[in-house]
Amino acid sequence: MGFDDMVNKGKDLYEENKDKIAEAVKSEQAEDVSDKVLDGVADFAKKIAPGAADKIDEIRDGVDKQVGNE
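Residues numbered from 1 in each chain as written. Predicted model: local features only at pLDDT ≥ 70, side-chain atom pairs only at ≥ 80, totals over all residues. Heavy atoms only, no water.

Caption draft 1: Highlighting the overall build of the protein chain. Along its length, the protein chain carries three helices and zero strands. On C-alpha atoms alone, the protein chain measures out to a radius of gyration of 16 Å, which is more than a quarter above the 11 Å that the 2.2 N^0.38 rule sets for 70 residues. In terms of overall dimensions, the protein chain has a C-alpha envelope of 45 × 30 × 15 Å along the principal axes. For the protein chain, the proportion of its 70 residues judged to be buried stands at 13%. Within the protein chain, contacts between residues separated by at least 24 positions form 68% of all contacts whose residues are at least 6 apart in sequence. Approximately 5,600 Å² of the protein chain is accessible, and the part contributed by carbon and sulfur atoms is 58%. Placing the 11 positive and 19 negative side-chain charges of the protein chain at their respective mean positions leaves the two points 2 Å apart. (Helix = DSSP H or I, 4+ residues; strand = E, 2+ residues; numbered from the N terminus. Rg over C-alpha atoms; globule rule 2.2 N^0.38 Å. Buried < 20%, exposed > 50% of the residue type's maximum accessible area, 1.4 Å probe, protein only. Contact = heavy atoms within 4.5 Å. Areas by Shrake-Rupley, 256 points an atom, 1.4 Å probe, with all protein chains shown as cover. Lys, Arg positive; Asp, Glu negative; His and termini not counted. Charge placed at Lys NZ, Arg CZ, Asp CG, Glu CD.)

Caption draft 2: The arrangement of the confidence of the model for the protein chain in detail. Overall, the predicted model of the protein chain reaches an average pLDDT of 86, with 94% of residues at or above 70. Of all the helices and strands in the protein chain, helix α1 (residues 3–25) carries the lowest mean pLDDT, 83, while helix α3 (residues 53–64) carries the highest, 92. (pLDDT = per-residue confidence, 0-100.)

Caption draft 3: Region of interest: the side chain of Arg60. Mapped onto the elements of the fold, Arg60 is located in helix α3. On the basis of relative accessibility, which here comes to 14%, the residue Arg60 falls in the buried class. Beyond its immediate stretch of four places on either side in the chain, Arg60 contacts Asp35, Leu38, Asp39 and Ala42.

Here you go:
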């Protein structure tokens, strides 16, 4: 199976399951996992760029609204 075949298979699987995927992304479990990951990334970014803490929090909150149920 070539790379293009794998990409097409992935697209097909996504199309067949996009409702289930959307439901999973908006679940409580996804919310918990995403919060932990986003908090970790934001904390790391603040250590690297402490002067940008407000912007980092703004970006983190924007991403958080897209994943999970809160």
